[in-house]
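# Summary of structural features
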Amino acid sequence: MNKRLPLGLGIILLVLPCSLLVAFTHYPAVRALLNSLWNNASSRRPSKFVGLENYEALIADEKLMQVLTNSGLYALGTIPLAIFLSISMALLVNSKFPATGLMRLSFFLPTMLPLVAVANIWLFFYAPGIGLASQLMNAVGLPTINFLGSTETSLVSMMVVAVWKEAGLFMIFYLAALQSVPESLKDAARLEGAGPVRVFFDVIFPLLRPTTIFVAVNALINAFRLIDHIIVMTKGGPDNSSALLLFYIYEVTFRQRDFAYGATLTVLMVALLGVLAAFQFWVLDRKTHYQ
């Protein structure tokens with residue numbers, strides 16, 4: 001006998017996911033947009049409507065320009081490298097080599113570690129003089145580098161940590177995609193005389209493009225929302241060389257207590273992520289083959 005849910009309960013279950021999305025995503029975004037149009041209130045002065053003054057302040061904010069540059073370099077440095085490594089690891093663990101199960105666990109292990117734990121591990125690795133990186137460099141006769149204390153290496157050092165942590169997670173998505181590629185397509189290519197490289201680029205990689213879109217968008221979001229590693233490892237220094245956009249929003253909003261300008265920066269970040277994600281979908285999706 002078929003049992004049907006009461007009409008009211010069914011409507012609630014259908015509306016609940018949308019309600020949660022509106023309450024925790026859309027409403028905060030709209031509220032941040034509204035707050036960005038007012039100035040910062042204090043105990044002696046109430047907040048008042050200022051229109052686009054906060055957005056005009058963005059243009060004159062030199063620190064913001066540096067933070068945006070850092071964020072752009074960080075995204076350009078981490079996204080392609082993370083995608084390349086995750087595809088390489090997925091191909092390796094999808095092969096018939098022995099101990100592939102152990103390799104999968106080893107590659108995925110950094111993803112399971114908490115962000116603060118990862119930051120502390122790499123703090124030990126980067127520690128000048130006593131860290132593992134310094135000991136390895138001294139062993140081959142190279143001078144010690146203060147990776148996190150130099151404006152030239154701090155951002156690159158943060159990129160290495162991010163790629164090390166993210167590549168294992170993206171490997172899982174590519175591994176699932178590789179296992180869904182029909183063997184008949186690869187066999188047909190081999191019968192036509194294609195080698196392993198041609199089979200990958202002509203058969204496998206086009207079928208991985210939907211996964212690449214998903215991974216690229218997630219890697220882009222991760223690049224702009226990174227804050228834990230920065231707080232633990234560099235605090236944005238030295239000289240703001242490792243400060244990224246979300247960390248700057250955190251500093252302005254919670255340390256400087258400038259909630260209006262923090263809301264303006266939040267609107268800027270949401271707009272940037274939306275435009276960049278749409279561009280990624282537009283560029284990659286046009287050449288994507290779906291099964």
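The rules behind the values
- Residues numbered from 1 in each chain as written.
- Predicted model: local features only at pLDDT ≥ 70, side-chain atom pairs only at ≥ 80, totals over all residues.
- Heavy atoms only, no water.
- Helix = DSSP H or I, 4+ residues; strand = E, 2+ residues; numbered from the N terminus.
- Rg over C-alpha atoms; globule rule 2.2 N^0.38 Å.
- Buried < 20%, exposed > 50% of the residue type's maximum accessible area, 1.4 Å probe, protein only.
- Areas by Shrake-Rupley, 256 points an atom, 1.4 Å probe, with all protein chains shown as cover.
- Lys, Arg positive; Asp, Glu negative; His and termini not counted.
- Charge placed at Lys NZ, Arg CZ, Asp CG, Glu CD.
- Expected span 1.5 Å × (residues − 1).
- Arc of directions from axis to C-beta.
- Contact = heavy atoms within 4.5 Å.
- Phe/Tyr/Trp six-rings, centres within 6.5 Å; stacked < 30°, edge-to-face > 60°.
- UniProt positions renumbered as here; feature names shortened; annotations may be inferred.
- Core = buried A, V, L, I, M, F, W, Y, C linked by side-chain atoms within 4.5 Å.
- Axes fitted to C-alpha atoms, helices over the stretch in contact; angles between N-to-C directions.
- Parallel < 35°, antiparallel > 145°, perpendicular 65-115°, else oblique.
- Left-handed = near helix turned anticlockwise from the far one by under 90°.
- Nonpolar A, V, L, I, M, F, W, Y, C, P; charged D, E, K, R; others polar.
- pLDDT = per-residue confidence, 0-100.
- Polar contact = N/O pair within 3.5 Å; in protein donor to acceptor, adjacent residues only side chain to side chain.
- Salt bridge = Lys/Arg side-chain N within 4 Å of Asp/Glu carboxyl O.

### With respect to the overall build of the chain
Counting its regular elements, the chain contains 13 helices and 0 strands. The order of helices and strands in the chain, counted from the N terminus, is α-α-α-α-α-α-α-α-α-α-α-α-α. For 291 residues, the compact-globule estimate of 2.2 N^0.38 gives 19 Å, and the chain exceeds it by more than 25% at 24 Å. Based on the C-alpha atoms only, the size of the chain along its principal axes is roughly 80 × 75 × 40 Å. Within the chain, buried positions represent 37% of all 291 residues. Accessible area for the chain stands at about 17,300 Å²; split by element, carbon and sulfur atoms hold 69% of it. Across the chain, the mean location of the 20 positive side-chain charges is 10 Å away from that of the 15 negative side-chain charges.

### Re helix α5 (residues 115-126)
Taking 1.5 Å as the rise per residue, α5 with 12 residues should run 16 Å; its terminal C-alpha atoms sit 16 Å apart, in good agreement. V118, A119, W122 and Y126 are the residues of α5 that are buried. All buried residues of α5 project into a common sector of 100° when viewed along the axis, lining one side. Buried residues along α5 sit against α4 (100-112), α7 (154-179) and α11 (228-233).

### Considering the packing of aromatic side chains
In this description, a pair of aromatic rings is defined by centroid distance and the angle of the planes. Tallying each qualifying case throughout the model produces 11 aromatic pairs. Ring geometry for F200 and F201: centres 5.1 Å apart, planes at 85°, overall edge-to-face.

### Details of the UniProt feature "domain: ABC transmembrane type-1" (unreviewed entry) in the chain
The UniProt feature table records "domain: ABC transmembrane type-1" (unreviewed entry) at residues 68-280. Helix makes up 76% of residues 68-280 and strand makes up 0%, while its end C-alpha atoms are separated by 19 Å.

### Points about the UniProt feature "transmembrane region" (unreviewed entry) in the chain
Per the UniProt record, "transmembrane region" (unreviewed entry) is annotated on residues 73-93, 105-127, 155-178, 199-221 and 259-284. Taken end to end, residues 73-93 is 100% helix and 0% strand, and its first and last C-alpha atoms sit 30 Å apart. Along residues 155-178 the backbone is 100% helical and 0% strand, and the end-to-end C-alpha distance reaches 33 Å.

### Looking at the nonpolar core
Counting 59 residues, the largest nonpolar core has Y74, M233 and L265 as the members making the most contacts within it. Setting aside residues up to four positions removed in sequence, L265 forms contacts with L58, L64, Y248, I249 and V252.

### Some points on the packing of helix α3 (residues 62-93) against α4
Where α3 meets α4, the axes come as close as 9 Å, and the angle between the chain directions of the two elements is 160°. As the angle between them shows, α3 and α4 are arranged roughly antiparallel. You can see that α3 and α4 cross each other, and the crossing is left-handed. Contact with α3, carried on its side by M89, L92 and V93, involves T100, M103, R104 and F107 of α4 and no other residues of that element. Taken together, the residues of the contact of α3 with α4 sort by class into 5 nonpolar, 1 polar and 1 charged.

### Focus: the confidence of the model for the chain
Counting all residues, the mean pLDDT for the chain is 85, and 93% of those residues have values of 70 or more. By mean pLDDT, helix α1 (residues 7-35) is the weakest element of the chain at 79, and α3 is the strongest at 93.

### Let's talk about the side chain of T111
Its place among the elements puts T111 in helix α4. A distance of 3.0 Å separates a polar side-chain atom of T111 from the backbone oxygen of K165. Side-chain polar atoms of T111 contact the backbone nitrogen of L169, separated by 3.1 Å. The contacts of T111, once residues within four sequence positions are left out, are K165, G168 and L169.

### What about the packing of α3 against helix α12 (residues 245-255)?
Two elements in contact, α3 and α12, have axes whose closest approach is 8 Å; the angle formed by their N-to-C orientations is 145°. Where α3 abuts α12, its residues K63, L64, V67, L68 and S71 lie against L245, Y248 and E251. Residue composition of the contact of α3 with α12, grouped by class: 5 nonpolar, 1 polar and 2 charged.

### Section: the pattern of salt bridges
Summed over the entire model, instances satisfying the criterion amount to 5 salt bridges. Salt-bridge contacts for R190 lead to D187; the nearest nitrogen and oxygen are separated by 3.0 Å. One end of the pair, R190, and the other, D187, are both in helix α8 (residues 183-191), 3 residues apart, so they sit about a helical turn from each other. Among the residues examined, D187 registers a relative accessible area of 37% and is labelled partly exposed.

### Thoughts on unusual backbone geometry
The residue after G237, namely P238, is reached through a cis peptide bond having omega -5°. In this model, K235 sits at a positive phi of 55°, which is unusual for a non-glycine residue. Counting through the fold element by element, K235 comes out in the loop between α11 and α12. Positive phi, normally seen in glycine, also occurs at D239, with a value near 55°.

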